[in-house]
Amino acid sequence: MRVLVTGWFSFDEVIATIGDELGADVVVGWLTELGVDHDVAWAPYLGRGPHWRDLDPADYTHLVFVSGPLMDMPLLQELTAAFAHAQRWAVNVSVVPDDARPLFHRVWERDARGVARPDLAIATTTPDVPVLAVAFAPAQEEYGSRSQAAQVRATIEGWLGARGIPWFELDMDLYDKPYERFPAQVEALVRRADAVVSMRLHALVLGLAHGVPVIACDAIVGGAKVSAQAAALGWPVVLRAGELDPATLDAALEHVLSGTLGDALAEARRRGAAGNAEARAWFVAQLAEG
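Reading the values: rules and limits
- Residues numbered from 1 in each chain as written.
- Predicted model: local features only at pLDDT ≥ 70, side-chain atom pairs only at ≥ 80, totals over all residues.
- Heavy atoms only, no water.
- Phe/Tyr/Trp six-rings, centres within 6.5 Å; stacked < 30°, edge-to-face > 60°.
- Helix = DSSP H or I, 4+ residues; strand = E, 2+ residues; numbered from the N terminus.
- Buried < 20%, exposed > 50% of the residue type's maximum accessible area, 1.4 Å probe, protein only.
- Lys NZ or Arg CZ within 6 Å of the ring centre and 35° of its normal.
- Axes fitted to C-alpha atoms, helices over the stretch in contact; angles between N-to-C directions.
- Parallel < 35°, antiparallel > 145°, perpendicular 65-115°, else oblique.
- Left-handed = near helix turned anticlockwise from the far one by under 90°.
- Contact = heavy atoms within 4.5 Å.
- Nonpolar A, V, L, I, M, F, W, Y, C, P; charged D, E, K, R; others polar.
- Pairing = 2+ DSSP bridges.
- Right-handed = clockwise from strand over helix to strand, strands pointing away.
- Salt bridge = Lys/Arg side-chain N within 4 Å of Asp/Glu carboxyl O.

If you check an unreviewed UniProt entry, the protein appears there as Polysaccharide pyruvyl transferase domain-containing protein from Modestobacter italicus.

As structure tokens, this is what we get:
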């Protein structure tokens, strides 16, 4: 027995979902536990393994199609025709019309007329990974040619994508058409991140204020306000334009997630409080002078 596991992730012609892959992971886990020889067929655009069109169907006794809608359509017709000799099973599928059932010998529906079963993704066991809040900065005209915001952003985005790091954008603007954005919204997101990657001064400040370590990325050649603020708060993890690349980002991420920066976080908050007190004293003095 040898099984080929397929799904919508096996086709270049469509874009599959994360749920499709998770369902396949569960089935692959079953096959592995049972000691059944198997392969997974991937769409070429994903680049994760063989494409079913490049395999010899005679090498497989079973074809298993996992997750998603089941419909009698050219892609499924092509796949099942190529493996016409094999036992063909559809698992964890939504059967809306019944026209695709004849393409498979056995079907385990997650939903169909009169049927509702838990999706296999409920059994997912993927490992936990850190989540980053990322604040990008636009090109800042006041710095002229010293600003490398576009290059720095492209480096960060490329690094996030190549490493498969989960992240969300931390937008610092007060207005996001058609709605306002409030500080409490941004701060709530910061608190839920494991680390912040920031090209912006205030995302750096908010990360440290809430005890979240920050990779400060100064996009201005020679350093500017991001570097200056990190220095004012005693924060050590700063990457500057010209030295920022995937290797330095890797090292910085390992550093901020190492658990060794607790003292630096506390010192940043101490310096912040002292700075606020100094600024308040100055302001009060100005008021007194009229």
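The geometry of an aromatic ring pair is captured by two quantities: the separation of the ring centres and the angle between the planes. Following the criterion strictly, the structure yields 7 aromatic pairs and no others. The interplanar angle of 50 degrees and the centroid separation of 6.2 Å between the aromatic rings of Phe-65 and Phe-104 together place this pair among those described as tilted. Of this pair, Phe-65 sits in strand E3 (residues 62–70) while Phe-104 sits in the loop between strand E4 (87–95) and strand E5 (106–112), placing them 39 residues apart in sequence. Taking relative accessible area as the criterion, Phe-65 reaches 0% and is therefore assigned buried. Under the relative-accessibility criterion, Phe-104 is labelled buried at 6%. Within the aromatic cluster, the residues linked to one another by ring pairs are Trp-8, Phe-11, Trp-52, Phe-65 and Phe-104. Its guanidinium or amino end placed over the ring of Trp-108, Arg-117 lies 3.7 Å from that ring's centre, counting from NZ or CZ. One cation-aromatic arrangement involves Arg-153 over Phe-136; the distance from NZ or CZ to the ring centre is 3.9 Å.

Another point: the packing of helix H5 (residues 201–209) against helix H6 (residues 225–232). Interhelical geometry of H5 versus H6 gives an angle of 25 degrees and a closest axis separation of 9 Å. The angle between H5 and H6 falls in the class roughly parallel. The two elements H5 and H6 meet at a crossing, and its hand is right-handed. Contact residues: H5 offers Leu-201, Leu-204 and Val-205, while H6 offers Lys-225, Val-226, Gln-229 and Ala-230. Of the residues that constitute the contact of H5 with H6, the class distribution is 5 nonpolar, 1 polar and 1 charged.

What follows deals with the pairing of strand E2 (residues 37–40). Residues His-38 and Val-40 line the buried face of E2, whereas the alternating positions Asp-37 and Asp-39 sit on a face that is not buried. Judged from the 4 bridges that link them, strand E1 (residues 2–6) and E2 form a sheet pairing that is parallel. Residue pairing across strands places Leu-4 opposite Asp-39, the latter belonging to E2. Handedness of the E1-helix H1 (residues 18–34)-E2 crossover: right-handed.

For the rest of this paragraph, the subject is the pattern of salt bridges. Taken as a whole and assessed by the stated rule, the structure comprises 18 salt bridges. With a closest N to O distance of 2.6 Å, Arg-48 and Glu-21 form a salt bridge. Linking Arg-48 in the loop between E2 and E3 with Glu-21 in helix H1, this pair joins segments that are 27 residues apart in sequence. Its relative accessible area of 47% is what places Arg-48 among the partly exposed residues. Taking the relative accessible area as the measure of exposure, Glu-21 reaches 23% and is therefore partly exposed. Between Arg-153 and Glu-169 there is a salt bridge, with its nearest N and O atoms 4.0 Å apart. Separated by 16 residues along the polypeptide, Arg-153 in helix H3 (residues 149–163) and Glu-169 in strand E8 (residues 167–169) bring together distant segments of the chain. With relative accessibility at 29%, the residue Arg-153 sits in the partly exposed group.

As a further point, take the sheet that holds E3. Reading across the sheet, the 6 strands line up as E2-E1-E3-E4-E5-E6 and stay open at both edges, with mixed pairing between neighbours. A strand with exactly one partner marks an edge of an open sheet, and here the two such strands are E2 and strand E6 (115–116). Alignment of E3 against E4, held across 8 bridges, turns out to be parallel. Along E4, the bridge assignment pairs Val-64 with Trp-89.

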